[in-house]
Amino acid sequence: MEEALIKVRNLKKHYNGGKVKALDGIDIDIHQGEVVVVVGPSGSGKSTFLRSLNLLEQPTEGEIIFDGEDINAKDADINKHRQKMGMVFQHFNLFPHKTVLGNITLAPIQLKKIPKPEAEAQAMKLLNMVHLEDKATNYPSQLSGGQKQRIAIARALAMEPTVMLFDEPTSALDPEMVGEVLDIMKDLAKSGMTMVVVTHEMGFAKEVGTRVIFIDHGQIKEENTPKEFFNNPKDPRLQDFLSKVLI
Amino acid sequence: MNWFDKFCNDFTLNFIEGDRWKWILEGLGNTIIITIFALIIGVLLGIIIAAVRSTYDKNGADMKKRGGPAYVFLKIGNTLCNLYLTVVRGTPSVVQLLIMYFIILVNVTNGVFVAIIAFGLNSAAYVAEIFRGGIMSIDEGQFEAGRSLGFNYLQTMFHIILPQAIKVILPSLFNEFITLIKETAVAGYVGVMDLTKAGDKIRGRTFSAFMPLIAVALIYLGIVVLLTQLLKQLEKRLRKSER
């Protein structure tokens, strides 16, 4: 097997001087093209884990090796690495003072110094991909939740990341809008994008995931192919968890 | 003598005789000069204080990890700013003015200059909190979205946070301007003839309190009402651009 894209070693996040252990020693390798779905009860540390991958959450200790460099090292240029790690948030976090096009092109123009016309052409292609070309000149407040999230995905993709991180991307959506966002994510997975997805959508995990991970009390309690994970769970906490969520 | 004739006599006595209306004009000029220059000092210094404090709040943990002298400076700066805010906001502005005139700038005889410095330093504390409040009012998710795209702290501030925060900041800043105009009314304590002092001086000469003091009050009121109308227009426009 080729070198992993992201190698996480002994990742820990402690609060109150170690009294609260949000992450308690996570080890995982994420390979190119994988769709890793992270599930777990609320407060288990799954979001903290995802947010640690691009250091939005500062880990207490541990290594995150991305592109062959430990991005948690003191002298690592985290801003450079973050350009390669797209992130999609539960609450979209679109920039309300910018149009859809402005949202998507801001980072490519400012950070990659791509000329505006070129960045906008690229943005239109991404809008085409998320089926929202007609919203280019709209402001975020004029969009539905599902549309906002699709724009947020396009915005992250505009930096041409090598991995996409999704932090409960459908949790804040009305039920009828969940499908349109998941469809985009499925397309993305099919195109070969490496993805790490924290979600409660077990259907998505089953259908699109190449690997499913169960986190509880800040530790990975089980990881397996979706089929084995759902049909043959071994950890008692996972069995209990799966019996409680609708699949 | 009916009330109209009495009014006219009073008016003549207080403003026309001895060209006393010129005192009012001079006082008004000083009030405006002190207010505008104090506000300029307040905004410039306030932005610096707000920048130090919000950087410490939002980016301190990041800089601590990286270590080096930058974090130490930031920490010291933050402590100094907090001390400054506590002292300035915890003491009356008249006392600050007197300290400035009789202790710190004791060699400066120009009262207007001393008043500008004193009110400017006072205003800076309030302006700083207005800016910091504006920055802090923007959802943390905006900040994270910027950082996740690869923007550094300053880039995130300038491209994403400040353009949004300015809509919260501008009306409050304008309000501070209005407050400041009224605050400068104590400039007479250090021998400055501002608008209030001018009215009081006339009262002392003519022994007629009603006319000069009410006139002074009406001038303040007129300025404040005018500026408040402008503020409302400004807020309306900002709301419109929110969509």
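We now turn to the structure provided with this report. (Residues numbered from 1 in each chain as written. Chains lettered and ligands numbered in written order. Predicted model: local features only at pLDDT ≥ 70, side-chain atom pairs only at ≥ 80, totals over all residues. Heavy atoms only, no water.)

## Describing the side chain of Ser52(A)
Reasoning step 1: Topologically, Ser52(A) is positioned in helix H1 (residues 46-53).
Reasoning step 2: With sequence-adjacent residues up to four places away left out, Ser52(A) is seen in contact with Leu11(A), Leu23(A), Glu57(A), Pro59(A) and Ile64(A). (Helix = DSSP H or I, 4+ residues; strand = E, 2+ residues; numbered from the N terminus. Contact = heavy atoms within 4.5 Å.)

## A word on empty space enclosed by the protein
Reasoning step 1: For the structure on display, the rule yields two cavities of 30 Å³ or more.
Reasoning step 2: There is about 40 Å³ of room inside the largest cavity.
Reasoning step 3: Lining the largest cavity are Arg82(A), Gln83(A), Met85(A), Gly86(A), Met87(A), Ala156(A), Met159(A), Pro161(A), Ser148(B) and Leu149(B).
Reasoning step 4: Contributions of two or more residues to the lining of the largest cavity are made by strand E6 (85-88) of chain A together with helix H6 (140-149) of chain B.
Reasoning step 5: The biggest single contributor to the lining of the largest cavity is E6(A), with three residues.
Reasoning step 6: Of the residues in the lining of the largest cavity, the class split is six nonpolar, three polar and one charged.
Reasoning step 7: Lining the second largest cavity are Leu55(A), Gln58(A), Ile78(A), Arg82(A), Asp62(B), Lys65(B) and Arg66(B). (1 Å grid on protein atoms, 1.4 Å probe; cavity = no way out; pocket = protein on both sides within 12 Å on 5 of 7 lines; lining within 4 Å. Points joined across faces, edges and corners; volume = space filled by probe spheres on them. Nonpolar A, V, L, I, M, F, W, Y, C, P; charged D, E, K, R; others polar.)

## Some thoughts on the sheet that holds strand E10 (residues 219-224) of chain A
Residues and elements named next belong to chain A.
Reasoning step 1: Across the sheet, which stays open at both edges, the six strands sit in the order E6-E7-E8-E3-E9-E10 with mixed pairing between neighbours. Looking along the sheet, the strands with just one partner apiece sit at the ends: E6 and E10. Going across the sheet, the axis of each strand differs from the next one's by a mean of 20°, ignoring polarity.
Reasoning step 2: Pairing between strand E7 (residues 163-167) and strand E8 (residues 194-198): five bridges, direction parallel. Paired with Leu165 across the two strands is Val196, which belongs to E8.
Reasoning step 3: Each of strand E3 (35-39), E7 and E8 touches helix H6 (residues 175-190); the most contacted strand, E8, lies at about 145° to it. (Pairing = 2+ DSSP bridges. Axes fitted to C-alpha atoms, helices over the stretch in contact; angles between N-to-C directions.)

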